[in-house]
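Coordinate analysis (summary)
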Amino acid sequence: MSVPASMCALQQTSRNGPQDMRLINDAPVPVPGRGEVLIRVAAAGVNFADISKAHGTFLDGPRPPYLAGFEAAGEVVAVGGAVTGPQPGARVVGVGNGAFAEYMVLSAAAAVPVPPGWTEQQALGLVVNWPTALAALKPLGVVTAGQTVLVHAAAGATGQAAVTMAKHYGATVIATASPGKHETVLALGADHVLDSIRGDIAGDVLRLISGAGADVVLESAGGTTFEASLAAAKRVTGRVIVYGVAGGEAPITNWELVYKHQVHIIGLNIGVLIQAAPQIFGEVMGELFALIAAGVLTPGRPTAYDLADGPKALAELETRATVGKLALLP
Ligand SMILES: NC(=O)c1ccc[n+]([C@@H]2O[C@H](COP(=O)([O-])OP(=O)(O)OC[C@H]3O[C@@H](n4cnc5c(N)ncnc54)[C@H](OP(=O)(O)O)[C@@H]3O)[C@@H](O)[C@H]2O)c1
């Protein structure tokens, strides 16, 4: 298969946000190194982290100018040395640098097969959003049947997966979402949905479950909602899994942990989990494929944009205007 020397890609040119992302047509096609594969990108996944990177707030993020995006699915078209995994023709999904492009290099070891019968687009989320949701619920949140889980951004890519899996594990789900997204969340099986913008989240959660607090809180909202998440968690045993800062940073002091919020606060970064706890990540991916085989997790249905409309897609994600996963098609 012939691979061109240059390609179209979205280049982030500043730290002023996605507005400074522009389409270029002369980006060099990357060459797979040892242990790497080159894929022809069929669909790239948009993530909230793309916004943090574009604003320069992602820890150790790329320096502009850089090719944006980090999640993509496509067909392997070339392999580097010592690759025993996916071979040309295989359809895989994975993370790397420069996904908003026609071609992208992935680590062969971390390239996950697109489930049989699924399109590449439908597999987006499988390596970022879904393992994050599952890691938050199971190895970290230790959710069990009959417990209550509070899921923020429940209509989003990560949140939808979390609601679906929490219901599968027998939990009562209290979701939060912007008012226009409530039907989506209820259709996934959430038991209650609260207004993420104007609601009294802690008060409503405590009212719904008779003052006891949620056993597990999936905290991705940050900002002022972080305090509400802490207040909504069950005293002594409640676990707050913190994996997003969409609304900005929020502090908590040791005084507050002793006198106000006697809860477990657990940080989650899926990239660090992959590196530092590969066995846990392997178990998470094994469970995800079991949930796919059982029909619990079904092919994703991302909203697709042309690659050139990437800045628009990111702007809509940033302003809370989107529902579910977003895909860019090169
Ligand atoms: N730590 C990790 O490894 C990891 C991995 C994947 C994702 N994440 C995090 O998980 C969260 C969801 O990511 P995603 O890619 O699936 O995005 P998403 O949920 O599809 O979209 C973000 C949603 O967050 C909600 N939100 C709450 N406060 C917000 C604010 N101040 N500004 C913008 N949005 C706000 C909005 O939902 P409503 O308007 O409905 O409230 C918005 O639609 C993000 O915080 C992301 O950083 C973390």
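Residues numbered from 1 in each chain as written. Predicted model: local features only at pLDDT ≥ 70, side-chain atom pairs only at ≥ 80, totals over all residues. Heavy atoms only, no water.

- The name given to the protein chain in an unreviewed UniProt entry is NADPH:quinone reductase, and the organism recorded there is Amycolatopsis taiwanensis.

1. Re the overall build of the protein chain
- Along the backbone of the protein chain there are 10 helices and 16 strands.
- What you see for the protein chain is a C-alpha radius of gyration of 20 Å, in line with the 20 Å of a compact globule of 330 residues.
- Along the first, second and third principal axes, the C-alpha set of the protein chain runs to 65 × 40 × 35 Å.
- Out of the 330 residues belonging to the protein chain, those deemed buried represent 50%.
- Considering only residue pairs separated by 6 or more positions, the protein chain has 66% of its internal contacts joining residues 24 or more positions apart.
- For the protein chain, the exposed surface amounts to about 14,400 Å²; the carbon and sulfur share of it is 55%.
- A distance of 3 Å separates the average location of the 20 positive side-chain charges in the protein chain from that of its 25 negative side-chain charges. (Helix = DSSP H or I, 4+ residues; strand = E, 2+ residues; numbered from the N terminus. Rg over C-alpha atoms; globule rule 2.2 N^0.38 Å. Buried < 20%, exposed > 50% of the residue type's maximum accessible area, 1.4 Å probe, protein only. Contact = heavy atoms within 4.5 Å. Areas by Shrake-Rupley, 256 points an atom, 1.4 Å probe, with all protein chains shown as cover. Lys, Arg positive; Asp, Glu negative; His and termini not counted. Charge placed at Lys NZ, Arg CZ, Asp CG, Glu CD.)

2. What about the site of the ligand?
- Taken together, 24 residues lie around the ligand, and Thr158, Ser178, Ser196, Tyr243 and Ile270 are the ones closest in.
- Between Phe48 and the ligand, the recorded distance is 3.1 Å, taken from a backbone N or O atom to an oxygen atom.
- One of the backbone N or O atoms of Leu268 is found 2.9 Å from a nitrogen atom in the ligand.
- If the ligand stood free it would expose 900 Å²; the protein chains cover 89% of that surface.
- Mapped by element, the contributors of at least two residues to the shell around the ligand are helix H2 (129-140), helix H3 (157-168) and helix H10 (310-318).
- For the shell around the ligand, the residue count by class is nine nonpolar, 12 polar and three charged.
- Each of domain 1 (6-124 + 300-329) and domain 2 (129-271) contributes no fewer than three residues to the shell around the ligand. (Near = heavy atom within 4 Å. Polar contact = N/O pair within 3.5 Å; in protein donor to acceptor, adjacent residues only side chain to side chain. Nonpolar A, V, L, I, M, F, W, Y, C, P; charged D, E, K, R; others polar. Domains from an automatic or database assignment.)

3. Thoughts on the packing of aromatic side chains
- If you walk through the whole model with that rule in mind, you get two aromatic pairs.
- For the ring pair Trp255 and Tyr259, a centre distance of 5.2 Å and an interplane angle of 45° mean the geometry is tilted. Here Trp255 and its partner Tyr259 are both found in helix H7 (residues 254-259), four residues apart, which amounts to about one turn of the helix. For the pair Trp255 and Tyr259, a shared accessibility class is recorded, and that class is exposed.
- The ring of Phe58 has Lys53 sitting right over it, with the charged end atom 4.7 Å from the ring centre.
- A cation sits over an aromatic face here: Lys138 above Tyr169, 4.6 Å from the ring centre. (Phe/Tyr/Trp six-rings, centres within 6.5 Å; stacked < 30°, edge-to-face > 60°. Lys NZ or Arg CZ within 6 Å of the ring centre and 35° of its normal.)

4. Details of the UniProt feature "domain: Enoyl reductase (ER)" (unreviewed entry) in the protein chain
- UniProt's feature table lists "domain: Enoyl reductase (ER)" (unreviewed entry) at residues 17-328, given in the numbering used throughout.
- As a span, residues 17-328 carries 30% helix and 24% strand, and end to end its C-alpha atoms are 18 Å apart. (UniProt positions renumbered as here; feature names shortened; annotations may be inferred.)

5. Things to note about the sheet that holds strand E12 (residues 216-219)
- Here we have six strands laid out as an open sheet, ordered E11-E10-E9-E12-E13-E14, and parallel in their pairing. Every other strand in the sheet has two partners, leaving strand E11 (192-195) and strand E14 (264-267) as the edge strands with one partner each. The mean angle between the axes of side-by-side strands here comes to 20°, regardless of whether they run parallel or antiparallel.
- In terms of strand pairing, strand E9 (residues 148-151) meets E12 through three bridges, oriented parallel. If you follow Val149 over to E12, its bridge partner there is Val216. (Pairing = 2+ DSSP bridges. Axes fitted to C-alpha atoms, helices over the stretch in contact; angles between N-to-C directions.)

6. Quick word on the pattern of salt bridges
- On inspection of all chains with the given rule, the structure shows nine salt bridges.
- Residue Asp191 pairs with Lys167 through a salt bridge whose shortest N-O separation is 2.8 Å. Separated by 24 residues along the polypeptide, Asp191 in the loop between helix H4 (182-187) and E11 and Lys167 in helix H3 bring together distant segments of the chain.
- Relative accessible area serves as the criterion here: at 28%, Lys167 is assigned to the partly exposed category.
- Bridged by salt links that share partners, the residues Asp200, Asp204 and Arg207 form one connected network. (Salt bridge = Lys/Arg side-chain N within 4 Å of Asp/Glu carboxyl O.)

7. Focus: the side chain of Asn47
- Note on placement: Asn47 falls in the loop between strand E3 (36-46) and helix H1 (48-55).
- Of the residues examined, Asn47 reaches a relative accessible area of 4% and is grouped as buried.
- Among the polar contacts made by the side chain of Asn47, one reaches the side chain of Glu71 at a distance of 2.9 Å.
- In this structure the side chain of Asn47 is engaged in a polar contact, spanning 3.3 Å, whose partner is the side chain of Asn129.
- Setting aside chain neighbours within four positions, we find Asn47 in contact with Phe70, Glu71, Val128, Asn129, Leu317 and Lys325.

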